[in-house]
Amino acid sequence: MSESPDTRSLVSASSQLNLMEIDTIDDKEFDIPQVDTPPTLESILNEPEDEEEPFILEDTCLLNTENIDAHSCETSSLASSDSGDRTHLKRKRKTVELSTTVHGSVLRHSILKGISAQIVSAADKVDAGLPTAVTVSGVIVVGTSHGLALVFDLNQALRLCLGSTATGAEYGAVSALSINHDCTRLLCGFAKGHITMWDLANGKLLRTITDAHPPGTAILHVKFTDDPTLAVCNDSGGSVFELAFRRLMGMRTCESRCLFSGSKGEVCNVEPLLTAPDLKDHPITQYSLLAMASLTKILVIGLKPSLKVWMTFPYGKTDPTSVPQLAWQFVPVQKVVNPVLAFCRGDTVHFLLVKKDETGTIHVIKQRHLQLNCDIISLNWINSRTLVVMDSGEKLRVVDRPSQEELESLDVAEVQLVYNSSHFKSLATGGNVSQALALVGEKACYQSVCSYAGQMVLLGTKSAHILTLRNWRERVDCLLKQERFVEALSLAWSFHEGTAKAVLGLFGDPAKRKGVVADKMIAILFQYVELSVKKCPEHGKIQVMEQHFQDMVPVMVDYCLQLQRTDLLFNQLYTRLVENCVARGVFLESLEPYIVSERLGCVTAPVMRDLLTHLQDNNMMDSVENCLIHLDITSLDIQQVVQMCWDNQLYDAMIYVFNRGMNDYITPMEKLFQVIGPPLREGRALTDEQVVMGNKLLVYISCSLAGRAYPLGDIPEDLVSQVKNQVFEFLIRLHSAEAGQEEELYPYIRTLVHFDTPEFLNVLALTLEDFKNDKQALEYQQRIVDILLKVMVENSDFTPSQVGCLFTFLARQLAKPDNTLFVNRKLFDQVLEFLCSPDDDSRHTERQQVLLELLQVGGVVQFDEGRLLGLAEKAEFYQICEFLYEQKHLYDKILDCYLRDPLRKEEIFNYIHNLLSMPGYSSEEKHCVWEKALLHIAELVTLDPAKSADLVAMHFPEEVRPIITRLQDDHLVFQFLRCLLDQSATSREGPHPQALLRLSPDLHELHIGLLCRFTPRQLTDFLKASQDYRLEEAVQVTSLHYSIAVCLYLSGLQTRGGRPGNMDLSERLPALSGHLIKSFLLTKSVLSGLASWRARKVNRQPT
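Residue positions within a chain follow its written sequence, with the count starting from 1. Totals for whole chains, interfaces and linings use all residues, but because this is a predicted model, local features are given only for residues with pLDDT of at least 70 and pairs of side-chain atoms are given and counted only at 80 or more. Side-chain numbers come from the whole structure's heavy atoms, not from hydrogens or water.

## Focus: the overall build of the protein
We apply this condition: Each helix is a run of DSSP H or I of at least 4 residues and each strand a run of E of at least 2, with the numbering of both proceeding from the N terminus. For this analysis, residues touch if any pair of their heavy atoms sits within 4.5 Å. All accessible-area figures derive from a Shrake-Rupley calculation using a 1.4 Å probe, and residue coverage is judged against the displayed protein chains alone.
Each helix and strand counted, the protein has 38 helices and 29 strands in total. Within the protein, contacts between residues separated by at least 24 positions form 60% of all contacts whose residues are at least 6 apart in sequence. Of the roughly 50,900 Å² of accessible surface on the protein, a fraction of 50% belongs to carbon and sulfur atoms.

This is how it looks when you write it as C-alpha cells:
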C-alpha cells in the first residue's frame, strides 16, 4: 500500500531530471533558424504600446501530423479516459481492436488536510485572515490577508508564523511569495507595496524593503532568481524592478533597478528561469534569463552579464480579460537539455526554445503552438513533456506537449480557488491602476497555483490541495477499482509498448520495463477471468450469458497473443473457463479469427480436439475448414479428420490435411476424380457440388505444378520438384487405380478436358511459362500434349469448341520464339478438315469462330493457304475468307464476303466507308474497292437505300446518273432518289456539312414523276420544299401522270355508257376517286403559285 499523500514527501525522487530516462523528442520540432538581431531594452521601452508587431519570429517548424496521435480524450471525471466503443466485442468471433487510446487517471488530487485545518484554525484563533498566496519548495508557505506567512514542513506541521497582525495592518495582505533555491530565504510582497525577507531556518526578519518601487502600488510578483543575491518584483503599476541584495559591514541592503516602466506598457507577470541543481552548469544559466508578460507582448531579457533583450513576441488579437501566463521548463532534445518558455494569453500556448550552439551564439526558436479552445488562467509544467493548464471554468487539463494530446480533464471548482483580483486593482492603496490591468486581474490566480518538482499546489479559501502525477501502477489500479478491465489492459499495453503519455515509475532497461508491465497484465487477466466467471448470470436466456463472455473472452485472447503467452491462454485461463459450458463455447469460437489471420498458428492438442468437436457439434463446418487450413494438424487423428472433411464436403481442408499431415499430394486428386469422372464419361450434367469439386481440382493441380500449397502458402522447397513430378505422372496414367474393362485410355486427362477444356489448357500454359528451363517438366508437358492430340483428334466425343481450344493453345505455343513443343502439321490439317467439312451443318457459327481464333493466334502458318481458302469458301466461312483476304490485301474480295454472309451484310457499308476514308491503304487498293462497290451498287441499294445514298454522296458523287441507270427497277430508283435527296437536304441544313451533293434538275423532275406513281400524297410537300426543279417540266410531268389516270377513268365510263357532258372536271367526273382529284388540283395550284412567286421575285431584282 502506498503512503497517504498527506504524509508523504512532496518532493518525489522520480521528478529529478534524468536524461537517460526521458524519451527523446523529434529534433525537427526545435531546429528553427535563430534571430540574428534582437531589439534593445531601450527600444522596447520607447515603443508605443499599440504599435504593430515590431519583430516577429517566423515559425518554420511545421506540425508533423504523422507523429501526433489524433485520438484525444476529454473527460470531466477523475478517472479521465476514453472507454472506447465496445460494440466491436459483441460481434461473434471478431478480433479486438487495441488502437483505442486510454490514459486513465493521470493526476492524483488530494487535500492537504493538516495545512487546511491549520489555515482555518489560524483565521479563527489568531485572526490570521483568509489565505491569499502560496509557494512551495522544501517547505510550504501560505500568506494571509492579515499579513502573516505560515510556514509548514513537508509533513504539514506548522513550523513558523512570520509577521504579525499589527504588521499586516500596516503592510496589508500578503500578495506574493517566493523561496530561494536552497530554501533558506523567503520573500513576501504585500498589498501596500512592502517587501520583507525572512530567514526560514529561525524565522528572523532580515530585510524590510519599502523603496524598491514607486509607492502606492501593490506587489503582484516577487521572485528569486538562481542568484541568491538577485530577485525581481512586479507592481500594480505594471513596472518591473531588479532587487540586488548586498551585505556591507554587517548591514543588509537592497538596491533597486527599473527593468521595465509601466508607463510604456504594463507588465502583469514575470518568471525568471530557475535551474535544478544538476543543471547549474548549463550554458544558459549564466545569463539569468527573465520572461516578462505585458498586456500586448512577451519579452525575454538577460539580466547578466549586462541587461539585454533577447526577443519579443506579440500576442496578436486577444480577449482583454485573458490573463498572460509564463512557465519555464528544461526539455531534453536529442539528449541535450535546453530551456523552453511556454506562454499564452487566451486559448493558444506558444513555446520558445533557447539554446546555445557550438559557436556561442544564442538561438531563440519559436516552436509549434498548442490550441486548447479555452480561456487559460494558469499554466504550469509538471514535467518536461506534460503541461497542466486551468481554464476560466476552473477545469484542469493535462496535455502531452509533443503529441498535443489532452490526457485528462479535472474539475477543481470545489477547491474555491483564491484569486488575486484585489491586488491587481490595488484596492489597499486606493485603486490607482489602469482599467486594462484591473480587467486582467478579475481572473488572476498567480499566487494561488504553483508547481514544484512535478507537483502542483492549489490554494482555496479554506483549504490547500495538491495534485501529483500518478505512477503507471496507480493509473492502472484506478481503472481496476472501477472494474474497467478492458481499459486497464489497454492502458497497461500502452505502457508495455512505450506509447503511453505522462509515464511515471518505469525505469531501467526497456526489456525489464516490458517484463514488469507484462506481469501486471497477466495478473489483470486472471482477475478479469475470475470476476467474469463469478458474475455470469446463473439463470436466464442463453444469449445473455453468451454476450457476457463475448465481452471478455476476445479481450483475454488478444492480450495473451500480444504478450506471446499462449501457454497461459490454453493451460490456465482456458482451464478456468471450461468450468462454464457457455464460457467454453465462446472461448473456442473466439479462436477462429485469430487462427484465420495467422496470429495463432499452434493450438495444444486438447484445445484443438475441443475446438473441432464444438464446431462440428454446432454445425459450423465452414469454421472447421477455416481453422484446419491455418493450423498445424500433426497432433490430430489424420484419418478421422479426413473422413470428417469428406463427409462434410470440406474439400479445401481435406487437401490441406493430406498435404500437410501426410505429405500426400496425389490421394486428394484421386478422390476428386472419382466423383466428377463417372458423370462426365456418361455424358450426364454435373451437379453444383461436382462443379465446385472440379474447379477446386483444377486450381489444386495448378498450385501443385507451380510449387504453391493449396489453398494457401507454399510447398516446402525440398518437396517442390517431387510434387510436380508426382502430379505429372498421375495425369498421364493410362488407367486409374480401380479401372474397369470399359475405361478408356488416359482417364484423368479425358476427365479434365471434358470438364473445362479452356481452363485445363490454361493450367498447362502456366506450367509452360513457369518451367521453361526445367527439362523434365518440359518432357512431361510434351507428353501431355501428345496425349491430348491423341484423345481429342481421334475421338468424336469432343465439340468443335473443345478441339479448337486445343489447337488454339497449340498455335499460341508454337508461335512463341522459345517454343519447345512439337506438333505434327498433319494434325492441323485434320482439324481443318474437321472444322470446314462437317458431316452436317450443325454448329456452323461455332466452327467458324473456333477456326478464326486459331488463325488469329498464329495458326495460319500451319496450313496451306490455298487449301484453307477453298475449304473456307466451301464451308461458307466468310469471316475466315475475310481474314485471309486481309492478309493478302485483297480488300475488294472482302466485299463479296460481306454480301454473301447473311449475318454481316449490314456491315458492308461501314467497311467500304472506312476503307475509302482511312489512311493506311494505297490508292490502288482503294480504287479496287471503289469499283467493286460500284459494280454491286444495285445489291447495296436493295439492302439499304438510305445507307447506300450516304455512301454515294460521300464517295460516288459523280456516279449518280450511271447508278440510276443500273437500277432497272423503278421503285428501287424511287427509294434511292428519295434517300439521296433527303441526304442532300440534311447536309445543307446541318451545322457541319460533310458532303454537299447537288442533283441536277432532271433528277428532281424524275423524282416528281416517281412520286406521282408511288406516293402521290407526298408530292405537294416535295414541291413546296424543293427549289431545284423546273416549273414547266414539273407541270408537264404531273399533268402527264394525272391525265393518264383521268383518261383511263373516262375510258372506263364510256365503256359503261356514261356521258360526262360539258362541265367542270370535278362536276363531270363525280365518280373519280376523291384523293386523285384533290392531289391533281392541289398540285396544279401549288405549281401555279410557285410560278407566280418566282416571276415576282425576278421582277423585284435590280436591273
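Picking up where we left off.
## Things to note about the packing of helix H10 (residues 553–562) against helix H12 (residues 581–596)
Between two packed helices, the angle of one axis relative to the other and the distance separating the axes together describe the packing. So the rule is basically this: Lines fitted to C-alpha atoms define the axes here, with helix axes fitted over just the stretch in contact, and angles between the N-to-C directions of these axes take values from 0 to 180 degrees. If an angle is under 35 degrees, it is roughly parallel; if it is over 145, roughly antiparallel; if it lies from 65 to 115, roughly perpendicular; otherwise it is oblique. Should the near helix be turned counterclockwise from the far one by less than a right angle, the crossing is left-handed, whereas a clockwise turn marks it as right-handed. Classification convention: Asp, Glu, Lys, Arg as charged; Ala, Val, Leu, Ile, Met, Phe, Trp, Tyr, Cys, Pro as nonpolar; all other residues, Gly among them, as polar.
Their axes nearest at 9 Å, the elements H10 and H12 cross at an angle of 50 degrees. Accordingly, the angle class assigned to the pair H10 and H12 is oblique. Helix-helix and strand crossings are classified by hand; for H10 and H12 the assignment is right-handed. In this structure, H10 uses Val553, Pro554, Met556, Val557, Asp558 and Leu561 to contact H12, whose residues at the interface are Val586, Phe587, Ser590, Leu591 and Tyr594. Of the residues in the contact of H10 with H12, the class split is 9 nonpolar, 1 polar and 1 charged.

## Observations regarding the sheet that holds strand E17 (residues 308–314)
Just so we agree on the cut-off: Strand pairing follows a simple DSSP-based rule, namely that at least 2 bridges must link the two strands.
Taken in spatial order, the 4 strands of this open sheet run E14-E15-E16-E17, and their pairing is antiparallel. What marks the edges here is a single partner per strand, and that holds for strand E14 (267–272) and E17. On average, each strand axis in the sheet is tilted by 20 degrees relative to the strand beside it, whichever way the strands run. Where strand E15 (residues 289–294) lies against strand E16 (residues 297–302), 5 bridges are found, and the strand directions are antiparallel. Counted as the bridge partner of Ala293 is Ile298 from E16.

## Quick notes on helix H34 (residues 1001–1014)
Which entries qualify depends on this criterion: One less than the residue count of a helix, multiplied by 1.5 Å, gives the span that helix is expected to have. Relative accessible area decides the class of each residue, using a 1.4 Å probe on protein chains only: under 20% of the type maximum gives buried, over 50% gives exposed, and in between gives partly exposed.
For H34, spanning 14 residues, the distance from its first C-alpha to its last is 20 Å, which sits close to the expected 20 Å at 1.5 Å a residue. Among the residues of H34, Leu1003, His1004, Glu1005, His1007, Ile1008, Gly1009, Leu1010, Leu1011 and Cys1012 are the ones counted as buried.

## Focus on the sheet that holds strand E27 (residues 449–452)
Strand order across the open sheet formed by 4 strands is E1-E29-E28-E27, with antiparallel pairing between neighbours. Strands at the two margins of the open sheet, each flanked by one partner only, are strand E1 (107–111) and E27. Going across the sheet, the axis of each strand differs from the next one's by a mean of 20 degrees, ignoring polarity. Across 4 bridges, E27 lies against strand E28 (residues 455–459) in antiparallel orientation. Bridging from a neighbouring strand, Ser451 pairs with Met456 of E28.

## Considerations on the pairing of strand E26 (residues 405–411)
Along E26, 6 of the 7 residues are buried, which leaves the element largely enclosed by surrounding structure. Here 6 bridges tie strand E25 (residues 395–400) to E26, and the two strands are oriented antiparallel to one another. Across the sheet, Lys395 pairs through a bridge with Asp411, a residue of E26. Here E25 folds back onto E26, and the loop between the two strands holds 4 residues, one of which, Gln404, carries a positive phi near 60 degrees.

## Considering the packing of aromatic side chains
Keep this limit in mind: Stacked, tilted and edge-to-face are the three classes assigned to paired rings of Phe, Tyr and Trp, where Trp is represented by its six-membered ring and a pair needs centres within 6.5 Å; plane angles under 30 degrees give stacked, over 60 edge-to-face, the rest tilted.
Within this structure, the stated rule accounts for 21 aromatic pairs. Pairing Phe728 with Tyr780 gives two aromatic rings, centres 5.0 Å apart and planes at 10 degrees, and the pair type is stacked. With Phe728 in helix H19 (residues 720–731) and Tyr780 in helix H21 (residues 775–793), this residue pair connects regions lying 52 residues apart in the sequence. One aromatic cluster is present, formed by Phe570, Tyr574 and Phe587 through successive ring pairs.

## A few points about the packing of helix H13 (residues 605–617) against helix H14 (residues 621–628)
Contact geometry for H13 and H14: axes closest at 8 Å, N-to-C directions at 155 degrees. With respect to each other, H13 and H14 are oriented roughly antiparallel. You can see that H13 and H14 cross each other, and the crossing is left-handed. Of the residues in H14, those touching H13 at Met608, Leu611, Leu612, Leu615 and Gln616 are Met621, Ser623, Val624, Cys627 and Leu628. Looking at the contact of H13 with H14 residue by residue, the classes come out as 8 nonpolar, 2 polar and no charged.

## Looking at the side chain of Thr275
Short version of the rule: Pairing of N or O atoms within 3.5 Å defines a polar contact, subject to two protein rules: one partner must be a possible hydrogen donor and the other a possible acceptor, and residues neighboring in sequence count only if both atoms are side-chain atoms.
Tracing the sequence through the fold places Thr275 in the loop between E14 and E15. Using a relative accessible area of 14% as the deciding quantity, one classes Thr275 as buried. In this structure the side chain of Thr275 is engaged in a polar contact, spanning 2.7 Å, whose partner is the side chain of Asp226. When near neighbours in sequence (up to four residues on either side) are disregarded, Thr275 contacts Asp226, Lys280, Thr285 and Phe330.

## Concerning the nonpolar core
So the rule is basically this: Among buried residues, those of type Ala, Val, Leu, Ile, Met, Phe, Trp, Tyr and Cys that are joined through side-chain atoms within 4.5 Å constitute a nonpolar core.
In terms of nonpolar packing, the biggest core is built from 200 residues, with Phe549, Met556, Leu577, Phe587, Leu628 and Leu788 touching the most fellow members. Non-local contacts of Leu788, meaning those with residues more than four positions away in its chain, are made with Ile749, Val753, Phe760, Leu761, Leu764, Val793 and Leu806. If you look at the next biggest cluster of nonpolar residues, it comprises 23 residues, including Trp310, Trp328, Leu352 and Val364.

## Notes on the environment of Ser110
Considering the arrangement of structural elements, one finds Ser110 in strand E1. Note: C-alpha distance between Ser110 and Thr468 (358 residues apart in sequence) is 8.6 Å.

## Overview of the pairing of strand E20 (residues 348–356)
Judged by how many residues are buried, E20 sits mostly within the fold: 7 of 9 residues are covered. Here 5 bridges tie strand E19 (residues 336–344) to E20, and the two strands are oriented antiparallel to one another. Residue pairing for E20: Leu341 is matched across the bridge by Leu352. In this structure, the hairpin formed by E19 and E20 is closed by a connection of 3 residues, where Gly346 is found at a positive phi of approximately 115 degrees. Bridging between E20 and strand E22 (residues 370–371) involves 2 bridges; their strand directions are antiparallel. Bridging from a neighbouring strand, Val349 pairs with Leu370 of E22.

## Comments concerning unusual backbone geometry
A cis amide bond links Lys304 to the next residue, Pro305, at an omega of -10 degrees. Tyr710 connects to Pro711 through a cis peptide bond whose omega is 5 degrees. Looking at where Pro711 falls in the secondary structure, it is placed in the loop between helix H18 (688–706) and H19. Not every positive phi belongs to a glycine, and Asn619 is a case in point at roughly 55 degrees. With a phi close to 65 degrees, His889 is a non-glycine residue in the positive phi region. Along the chain, His889 falls in the loop between helix H26 (878–888) and helix H27 (891–900).

## So, the pattern of salt bridges
Charged atoms that come close allow side chains of opposite charge to pair. Condition: What makes a salt bridge here is a side-chain nitrogen of Lys or Arg within 4 Å of a carboxyl oxygen of Asp or Glu, nothing more.
For the structure shown, the criterion picks out 28 salt bridges. Across the pair Glu882 and Arg904 runs a salt bridge, and its minimum N-O distance is 2.7 Å. Highlighted residues: Glu882 in helix H26 and Arg904 in the loop between H27 and helix H28 (908–917), separated in sequence by 22 residues. No difference in accessibility class separates Glu882 from Arg904, as the two residues are buried.

## Remarks on the confidence of the model for the protein
The condition that has to hold: In predicted models, pLDDT denotes the confidence assigned by the predictor to each residue on a 0 to 100 scale.
For the protein, the mean per-residue pLDDT works out to 80, and 81% of the residues sit at or above 70. Confidence drops under pLDDT 50 across residues 1–93; counting only partners more than four residues distant or on other chains, this segment forms 213 contacts. Here residues 1043–1077 is modelled with pLDDT under 50, and outside its nearest four sequence neighbours on either side it reaches 18 contacts, counting other chains as well.

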